[in-house]
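The chain contents come next:
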Amino acid sequence: MWEYSEKVQEYFYNPKNAGVMENASGIGDVGAISCGDALRLMIKVDPATDTITDARFQTFGCGSAIASSSALTELIIGKTIAEALTLTNQDIADFLGGLPPEKMHCSVMGYEALRAAVANYRGEAWEDDHEEGALVCKCFGVDEGMIERAVRMNGLTTLEQVTHFTKAGGSCATCIEGIEEVLVKTNAAMVAEGLLDAAEAFDPDQAARPVRRPKAGKSPLAIKLEPVSKPKLTNLQRIRLIEEAIEGLRPFLRQDGGDCELIDVEGDRVMVKLSGACVGCQMASITVNGVQERLIEKLGQPLRVIPV
Amino acid sequence: MRPVYLDNNATTRVDPAAVAAMLPFFTEQFGNASSMHAFGASVGGALKTARRQLQALLGAEHDHEIIYTSGGTESDNTAILSALETQGQRTEVITSVVEHPAILALCDWLEKHKGTTVHRIPVDAKGRLDVEAYRKALGPKTAIASIMWANNETGTLFPVARLAEMAHEAGALFHTDAVQAVGKLPIDLKSTEIDMLSLSGHKLHGPKGIGALYVRKGVRLRPLIRGGHQERGRRAGTENAPAIIGLGKAAELALAHMLDEQTRVKALRDRLEQGLLQRIGNSFVTGDPEHRLPNTANIAFEFIEGEAILLLLNRAGIAASSGSACTSGSLEPSHVLRAMKVPYTAAHGAIRFSFSRENGDEDVDRVLEAMPGIIANLRSLSPFWKERGQDRPAPAAAFNPTYA
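For clarity, every value in this text was computed on a predicted model and none was experimentally measured. Every chain is numbered on its own, with residues counted from 1 as its sequence reads. Lettering of chains starts at A and numbering of ligands starts at 1, both following the order in which they are written. pLDDT decides what is reported in this predicted model: residues at 70 or higher carry local features, side-chain atom pairs at 80 or more are listed and counted, and totals for whole chains, interfaces and linings draw on all residues regardless. With hydrogens and water stripped out, all remaining heavy atoms of the structure feed into the side-chain values.

**Some points on the overall build of chain B**
Part 1: A tally of regular secondary structure across chain B gives 13 helices and 13 strands.
Part 2: Its C-alpha atoms give chain B a radius of gyration of 22 Å, within 12% of the compact-globule value 22 Å for 404 residues.
Part 3: Three labels apply to residues, based on accessible area from a 1.4 Å probe with only protein chains included: buried if under 20% of the type maximum, exposed if over 50%, partly exposed otherwise in between. When burial is assessed residue by residue, chain B has 59% of its 404 residues classed as buried.
Part 4: The protein chains shown are the only cover counted for residues, whose accessible areas, like all others here, come from Shrake-Rupley with a 1.4 Å probe. Roughly 15800 Å² of accessible area belongs to chain B as shown, and the carbon and sulfur atoms make up 54% of that amount.
Part 5: When charges are counted, neither His nor the chain ends are considered; positive counts come from Lys and Arg and negative counts from Asp and Glu. Where a charge lies is defined by one atom per residue type: Lys uses NZ, Arg uses CZ, Asp uses CG and Glu uses CD. Within chain B, one finds 44 positive and 44 negative side-chain charges whose respective centroids are separated by 2 Å. Each helix corresponds to a stretch of at least 4 residues labelled H or I by DSSP, and each strand to a stretch of at least 2 residues labelled E; elements are numbered beginning at the N terminus. Two things to know: the radius of gyration comes from C-alpha atoms, and the globule rule equals 2.2 Å times the number of residues to the power 0.38.

**Remarks on the overall build of chain A**
Part 1: Across its full length, chain A holds twelve helices and eight strands.
Part 2: Counting only residues that meet the buried cut, chain A has 42% of its 308 residues in that class.
Part 3: The contact criterion used throughout is that any non-hydrogen atoms of two residues lie within 4.5 Å. A fraction of 55% describes how many contacts in chain A between residues 6 or more apart in sequence connect residues 24 or more apart.
Part 4: By element, 52% of the accessible surface of chain A is carried by carbon and sulfur atoms, the whole surface being about 16700 Å².

**Digging into the pairing of strand 4 (residues 117–121) of chain B**
Residue and element names in this part refer to chain B.
Part 1: A pair of strands is treated as paired once DSSP finds two or more bridges between them. Note: strand 3 (residues 92–96) against strand 4, five bridges, orientation parallel. Within strand 4, the residue paired with T95 across the bridge is R120.
Part 2: Since strand 3 and strand 4 lie parallel, the crossover through helix 4 (residues 101–113) that links them has a hand, and here it is right-handed. We call a crossover right-handed when, viewed with the strands running away from us, the connection from the first strand over the helix to the second turns clockwise.

**So, the sheet that holds strand 12 (residues 321–322) of chain B**
Two pairing modes exist for strands in a sheet, parallel and antiparallel, and in both the strands are linked by backbone hydrogen bonds.
Residue and element names in this part refer to chain B.
Part 1: Strands sit in the order 9-10-13-12 across an open sheet of four strands; the sheet is antiparallel. The open sheet is flanked by strand 9 (283–285) and strand 12, the only strands paired with a single partner.
Part 2: Bridge count between strand 10 (residues 296–301) and strand 13 (residues 350–354): five bridges; the pairing is antiparallel. By the bridge assignment for strand 13, T296 is matched with S354.
Part 3: In the packing of helix 9 (residues 258–279) onto the sheet, contacts are made with strand 9, strand 10 and strand 13, and the angle to strand 10 comes to roughly 10°. Inter-axis angles, ranging from 0 to 180 degrees, are taken between N-to-C directions of lines fitted to C-alpha atoms, where helices are fitted over the stretch in contact.

**Re the domain arrangement of chain A**
Part 1: Domain extents, as shown, originate in an automatic or database domain assignment. The assigned domain composition of chain A is domain 1 (6–122), domain 2 (135–208) and domain 3 (235–307).
Part 2: Of note, the centres of domain 1 of chain A and domain 3 of chain A, computed from C-alpha atoms alone, are 54 Å apart.

**Description of the domain arrangement of chain B**
Residues and elements named next belong to chain B.
Part 1: Split by domain assignment, chain B resolves into domain 1 (4–8 + 258–382) and domain 2 (16–254).
Part 2: Centre-to-centre, using C-alpha coordinates, domain 1 lies 28 Å away from domain 2.
Part 3: Between domain 1 and domain 2, the residue contacts involve 26 residues of the former and 29 residues of the latter.
Part 4: Once two parts are put together, the accessible area they lose, assessed with a 1.4 Å probe and summed over both, is termed the buried area. Here domain 1 and domain 2 share an interface that buries about 2300 Å² over both sides, 57% of which is from carbon and sulfur atoms.
Part 5: Considering only the side of domain 1, the residues that lose the most area to domain 2 are M258, L293 and R357, jointly responsible for 27% of the buried surface there.

**Some details on the nonpolar core**
Part 1: Nonpolar cores are built from buried Ala, Val, Leu, Ile, Met, Phe, Trp, Tyr and Cys residues. Side-chain atoms within 4.5 Å join them into one set. Residues A:I76, B:L276, B:F301, B:I309, B:F353, B:M371 and B:L378 are the most contacted members of the largest nonpolar core, which totals 86 residues.
Part 2: The leading source of residues in this core is helix 13 (residues 361–381) of chain B, at nine residues.
Part 3: Ignoring any residue separated from it by four or fewer positions in sequence, one finds B:M371 in contact with B:L276, B:I280, B:F301, B:I309, B:L313, B:I351 and B:F353.

**Points about the confidence of the model for chain B**
If pLDDT is low for a region, its predicted coordinates should not be looked at in detail.
Residue and element names in this part refer to chain B.
Part 1: On a scale of 0 to 100, pLDDT captures the predictor's confidence in every residue. Residue-level pLDDT values for chain B average 93, and 93% of them are 70 or greater.
Part 2: Below a pLDDT of 50 lies the segment residues 388–397, which in the model reaches eleven contacts outside its immediate sequence neighbourhood of four places, other chains included.
Part 3: Here the predicted complex carries an ipTM of 0.81, next to a pTM of 0.79.

**Regarding helix 6 (residues 144–154) of chain A**
All names here are of chain A.
Part 1: Turning to helix 6, its buried residues number three or more, namely I147, A150 and V151. An end-on view of helix 6 places all buried positions within 95° of arc, on one side of the element.
Part 2: Following helix 6 by one or two positions, G155 adopts a phi angle in the positive range, close to 60°. Read the arc as the range of directions from the helix axis to the C-beta atoms.

**A few points about the sheet that holds strand 6 (residues 173–177) of chain B**
Residue and element names in this part refer to chain B.
Part 1: The strand order 2-8-7-6-5-3-4 describes an open sheet built from seven strands, whose pairing is mixed. Each end of this open sheet is capped by a strand with a single partner; those strands are strand 2 (66–69) and strand 4. If you compare each strand with its neighbour and ignore which way they point, the axes differ by 20° on average.
Part 2: Sheet topology places strand 5 (residues 142–146) next to strand 6; three bridges connect them, and they run parallel. Bridge assignment links S146 to a residue of strand 6, and that residue is H175.

**Quick notes on the pattern of salt bridges**
Any two side chains of opposite charge can pair if their charged atoms end up close together.
All names here are of chain B.
Part 1: A side-chain nitrogen of Lys or Arg and a carboxyl oxygen of Asp or Glu constitute a salt bridge if their distance falls within 4 Å. Within this structure, the stated rule accounts for 34 salt bridges over all chains.
Part 2: Of the charged contacts, one joins E362 and R366 as a salt bridge, the two residues approaching to 3.6 Å between their closest N and O atoms. Within this pair, E362 and its partner R366 are both found in helix 13, separated by four residues, close to a single helical turn.
Part 3: A relative accessible area of 40% places E362 in the partly exposed class.

**Quick look at the side chain of B:H205**
Residue and element names in this part refer to chain B.
Part 1: Note that H205 resides in the loop between strand 7 (196–200) and strand 8 (211–215).
Part 2: Think of a polar contact as two N or O atoms within 3.5 Å of one another; within protein, one of them needs to be a possible hydrogen donor and the other a possible acceptor, and neighboring residues in sequence only count if both atoms come from side chains. Polar contacts involving the side chain of H205 include one to the main-chain carbonyl oxygen of R13, which spans 2.8 Å.
Part 3: The residues touching H205, leaving out its near neighbours within four places in the chain, are N8, T12, R13, V14, D15, A18, A250, S356, R357 and E358.

**Overview of helix 11 (residues 235–255) of chain A**
All names here are of chain A.
Part 1: Between the first and last residue of a helix there are one fewer steps than residues, each counted as 1.5 Å, and that sum is the expected span. Across its 21 residues, helix 11 extends 31 Å between first and last C-alpha, which sits within 8% of the 30 Å expected from 1.5 Å per residue.
Part 2: Listing the buried residues of helix 11 in full gives R238, I242, A245, I246, L249, R250 and L253.
Part 3: Looking one or two residues past helix 11, G257 carries a phi angle of roughly 80°, positive in sign.

**Describing the UniProt feature "binding site: Fe cation" (unreviewed entry) in chain A**
Residue and element names in this part refer to chain A.
Part 1: UniProt positions are given in the numbering used here, feature names are shortened, and annotations may be inferred rather than shown by experiment. Look at the UniProt record and you will see "binding site: Fe cation" (unreviewed entry) annotated at C35, C62 and C106.
Part 2: Relative accessible area serves as the criterion here: at 1%, C106 is assigned to the buried category.
Part 3: Aside from chain neighbours lying at most four places away, what touches C106 is C62, S64, A65 and S68.

**Observations concerning the pairing of strand 3 (residues 51–60) of chain A**
All names here are of chain A.
Part 1: Judged by how many residues are buried, strand 3 sits mostly within the fold: seven of ten residues are covered.
Part 2: With nine bridges connecting them, strand 2 (residues 37–46) and strand 3 associate as antiparallel partners. For K44, the partnering residue across the bridge sits in strand 3 and is D54.

**Some words on unusual backbone geometry**
All names here are of chain B.
Part 1: Of note in the backbone geometry, H205 takes a positive phi value of approximately 65° without being a glycine.
Part 2: The phi dihedral of R232 is positive, around 55°, even though this residue is not glycine.
Part 3: Within the fold, R232 resides in helix 7 (residues 230–233).
Part 4: For R232, a relative accessible area of 61% puts it in the exposed group.

Below you can see the structure in the form of structure tokens.
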């Protein structure tokens, strides 16, 4: 089961602006039935101001495709075409409180539908920049040709570089094996054509070697046994930190009708005065413990808080 | 409201009687069956009983023909890799295009990295195997033919007894992935020529993480997992005693309920299927209705997408599954439906309802009540659908989106 945000669910169960628009100013049809997603975006534009006054959608697709389409219409209504075109697929995803990585392509579809609808309104022919070819990264809709071009044009030789240039493999990562294959093939061809030094070509064996962790310097057990230590503080610094921490807690104590005041610090003993509702409250010991925990966290040193 | 669970081909609820049988083996009888003391001995006895219970369900001739594994996938991998390893001269594998990924992904890997030749036998529009193509693919190089007993998505049955005989005529071993068949169909392995069979506990009200590979006596086997001498050296690793015992109980119960599965459960499935087809236009049954599992219905609803249907069904408290792309995170619809040439507009909207003996009439009523509204709702959102007052789809030319 996908983990859809509340907002995705809301926009799926009760989509806004769904349905057909009569006399639309522009229509964008994107997606394809074979991919399982298809979207028709219809916009109404006020020619005087170039403002999108209304938008409707029809979507064939999963929950997040329907939610993304609906979100798109909400985002563009009231915007000028120029403003609307600055929206990215990430804006759609953000509007929905995020999408599962494997579902990011649903927001990409919205992004492209908007461009197609605007092109249609302006009487231009809209051409998407995808080519036919095996889709490698399904999350971002990156095909083999696109990876190959990026590798060739920029002389890429690692998986990380391919992800940075094309986004491929940057989401669910299930296509890494496929990307590496294209990388090996393309690099080999580049070496053969004299475009790349053989020593620099992507080497899957090298990539498979274990990555060493930087040495922690200590046994993992030691970390648990020793108190968390921070750089040594002067007495004055310590007292200031303790004061700050207590000040930070006071508003919460006051909400409950109590208060807490710092009296003195001796070594690791912190003397405090509880007042108001804190005095004689059955929760007093919990309050003291809470203050103590807060101070330990803040100073990174063991301390005892003693009510006086 | 009580949830309606109709996804039993994905997994089943462990029968409370199986749970009860397992429980003592976590605590009181925790011994290692291999140990030379009383703790081990009592577990050993229980494992023996469990093995016989499973033997009875399979109709196997000997109880030692059963090798416990972690599940169907491990059993499938063991069978095919062993067949290739034991017969060095035979380097080809025959399987079908509609197998489970446990077979298909392994075959893809073998083909790519091990030089194995893989023949993937096609199916027709009803999902029936092209037996003639199967016959032609068999030959002196065939190490093993592996064809599923019943398809997990459509329930379509394959004539495995006959396919096993044909494999033997060519001197090849025959394996069947029977994960969906075991517990739902009467099986009598001793009267067939099937050499190996895979099964999984959680598909028949047993626990997850346990399965078995049946290996007919005399068939040579190379273990996939090497180590200790468990399972007569054919699958190393300390026996998962509680799960094996739970599977034994589940097998006994499945045998006891076999008639119920073939009659009452089948009638529930049929009533649901007919009811849905009556109430919802532009929908049809996929697979071979004449030869299929009694518990499975796979219905394609045109012009809408499966995940959206499942989400709305889930909100109505109904659990089913889909061959749709979106539920798996891939964009392609089920390889099974595509192999059957189900059009994309329908394959994306195929929903599988799979029953078990725990379902009743109320479950069918609930789906029949919820489904028409859900389908109408989603169709109203779909650009491929135009109602025009009489439930007629738009002509194909009306919506031709640019590929993106």
